[in-house]
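# Coordinates in review
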Amino acid sequence: MLNVTGELSGDSWGIFTFLCAALCNLPALPALNCSEELGAGQSIQQTYDLTRYLEHQLRTLAGTYLNYLGPPFNEPDFNPPRLARAERVPSATVDLDLWRGLTDNARLAANYRAYSRLLCYLRVLDGQVGTAELRHRLAHFCASLQGLVLSIGGVMSSLGYPLPAGPAGPPAGPPGAPAAPNDFLKKMDDFWLLKELQTWLWRSAKDFNRLKKKVPPAVVTLRLEARGF
């Protein structure tokens, strides 16, 4: 377009004028939209990314919350046996070989039910803590975990699986199981809730990483919106 002197030639000037006119009238041109269909592959990738984000978020939250509970819960080597009453918190301690042997539908349903239930416990926790900062962090984590439940539901729907019924609230435990009789056992319940969340997120990240390798990524399509054509 430019001659050796850096000036526009006649033909080039005509092309340049046409391009300027086209740019000035872009709104009148047909719109080219890029729409990304949210297929199973993309839904699985987003759910995997969200589990990894929640893992990172939980590390900060757990440290803050355990410090709030105080010793011995915030001590690095504190590793108590799981009490029978802690079964009120959904457990992820299923044998990994047995877990891998489940169908994709069964694993997704288990994830969906577990996080729905854990979310109910966390919301109860949010109303009990005594510091504004910790309540804010718990509320933010609850919102993210709610997003994970919805995301898992989206994966199940995209794969044609029915959604399992989620719990209406934290279960009361086995028949006749009393509430925590003292502050220490109440803190123990909170400790196991954080531990189960950690285990479930670690397991879910592995699940969705395997699942995304089985399902092709979403197809990106270009759609031309014809206006008056």
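Per chain, residue numbering runs from 1 following the sequence as it is written. Whole-chain, interface and lining totals are the exception, using all residues; otherwise, since this is a predicted model, local features are given only for residues with pLDDT of at least 70 and side-chain atom pairs are given and counted only at 80 or more. Based on all heavy atoms of the structure, the side-chain values leave hydrogens and waters out of the count.

Take the overall build of the protein chain next. Scanning the protein chain from terminus to terminus reveals 6 helices and 2 strands. The buried label applies to any residue whose accessible area, calculated with a 1.4 Å probe on protein chains only, is under 20% of its type's maximum; exposed applies above 50%, and partly exposed to all values in between. Looking at the protein chain residue by residue over its 229 residues, the buried ones come to 36%. What makes two residues a contact is simply this: any of their non-hydrogen atoms within 4.5 Å. In the protein chain, 85% of the contacts between residues at least 6 apart in sequence involve partners at least 24 apart. Elements are defined by DSSP. Helices are runs of H or I of four residues or more, strands are runs of E of two residues or more, and each kind is numbered from the N terminus.

Turning our attention to the layout of surface pockets. Here a cavity means grid points, on a 1 Å grid over the protein atoms only, where a 1.4 Å probe fits yet cannot get out; a pocket means an open set of points with protein on both sides within 12 Å along at least five of seven lines; lining residues are those with an atom within 4 Å of a point. Grid points are joined across faces, edges and corners, and a volume is the space filled by probe spheres set on the points. Of the volumes computed, that of the largest pocket is approximately 310 Å³. Lining of the largest pocket is provided by 15 residues; of these, A62, L66, F73, F191 and Q198 occupy positions nearest its centre. Looking at the lining of the largest pocket, the elements that each hand over two or more residues are α2 (40-69) and α6 (183-214). In terms of residues, the lining of the largest pocket owes the most to one element, α2, which gives 6 residues. Only Asp, Glu, Lys and Arg are considered charged, only Ala, Val, Leu, Ile, Met, Phe, Trp, Tyr, Cys and Pro nonpolar, and every remaining residue, Gly among them, polar. A per-class count over the lining of the largest pocket returns 8 nonpolar, 4 polar and 3 charged.

With that settled, the discussion passes to the packing of α2 against helix α5 (residues 132-158). Helix axes are fitted only over the stretch in contact, all axes being lines through C-alpha atoms; the angle between N-to-C directions runs from 0 to 180 degrees. Where α2 meets α5, the closest approach of the two axes is 9 Å, and the angle between their N-to-C directions is 155°. In terms of their interaxial angle, α2 and α5 are classed as roughly antiparallel. Along this stretch, α2 crosses α5, giving a crossing that reads as left-handed. The residue makeup of the contact of α2 with α5, split by class, is 16 nonpolar, 13 polar and 1 charged. Each angle receives one of four descriptions, namely roughly parallel if under 35 degrees, roughly antiparallel if over 145, roughly perpendicular if within 65 to 115, and oblique otherwise. Should the near helix be turned anticlockwise from the far one by less than a right angle, the crossing is left-handed, and should it be turned clockwise, the crossing is right-handed.

Turning to the packing of aromatic side chains, a few remarks are in order. Here a pair means two rings of Phe, Tyr or Trp (six-membered ring of Trp) with centres within 6.5 Å. Their orientation is stacked below 30 degrees between planes, edge-to-face above 60, and tilted elsewhere. For the structure shown, the criterion picks out 8 aromatic pairs. Ring centres of Y65 and Y68 lie 5.6 Å apart, and the angle between their planes is 50°; this geometry places the pair in the tilted category. Highlighted residues: Y65 and Y68, both in helix α2, separated by 3 residues, approximately one helical turn. Take Y68: its relative accessible area is 35%, and that puts it in the partly exposed class. Measuring from ring centre to ring centre gives 6.2 Å for Y115 and W200, while their planes differ by 65°; the resulting arrangement is edge-to-face.

On to empty space enclosed by the protein, then. Counted by the stated rule, this structure contains 1 cavity of 30 Å³ or more. Of the voids in this model, the largest cavity is the one considered here, and its volume is about 40 Å³. As for the largest cavity, its lining consists of L96, W99, R100, W202, R203, K206, D207 and R210. Looking at the lining of the largest cavity, the elements with two or more residues in it are α3 (96-100) and α6.

Before going further, it helps to spend a moment on the side chain of S144. By the secondary structure assignment, S144 is in helix α5. The definition of a polar contact used here is a pair of N or O atoms within 3.5 Å, where within protein one atom must be able to donate a hydrogen and the other to accept one, and adjacent residues in sequence count solely through side-chain atom pairs. Looking at S144, its side chain comes within polar contact range of the side chain of Q57, at 3.3 Å. Those residues within four positions of S144 in sequence are excluded, and the remaining contacts are L50, Y53, L54 and Q57.

Here we take up the confidence of the model for the protein chain. Every residue is assigned a pLDDT by the predictor, reflecting its confidence on a scale from 0 to 100. Of all residues in the protein chain, 67% attain a pLDDT of 70 or more, and the chain-wide mean is 74. Every residue in residues 1-9 is under pLDDT 50, and counting partners more than four places away or in other chains gives 9 contacts.

A separate point is the environment of L134. Mapped onto the secondary structure, L134 falls in helix α5. Look at L134 and you get buried, because its relative accessible area is 2%. Residues within four places of L134 in sequence aside, it is in contact with L61, T64, Y65, Y68 and V129.

Moving on to the state of the cysteines. Only a pair of cysteine sulfur atoms within 2.5 Å counts as a disulfide in this structure description. Using the criterion set out here, one finds 0 disulfides in the structure. Not part of a disulfide, C142 finds its nearest cysteine sulfur in C120, a span of 9.7 Å.

In this scheme, a helix's expected span is set at 1.5 Å multiplied by one less than its residue total. If you check α5, its first and last C-alpha atoms are 39 Å apart, about what 27 residues at 1.5 Å a residue would give, namely 39 Å. Following α5 by one or two positions, G160 adopts a phi angle in the positive range, close to 85°.

Moving on, we come to the side chain of E55. With respect to the element layout, E55 can be found in helix α2. Other than its neighbours up to four places away in sequence, E55 contacts L201, W202 and A205.

Note that D190 resides in helix α6. Look at D190 and you get buried, because its relative accessible area is 5%. Expressed as a C-alpha distance, the spacing of D190 and V89, which sit 101 residues apart in the sequence, is 9.1 Å. Apart from the residues lying within four places of it in its own chain, the contact partners of D190 are Y65, L69 and L125.

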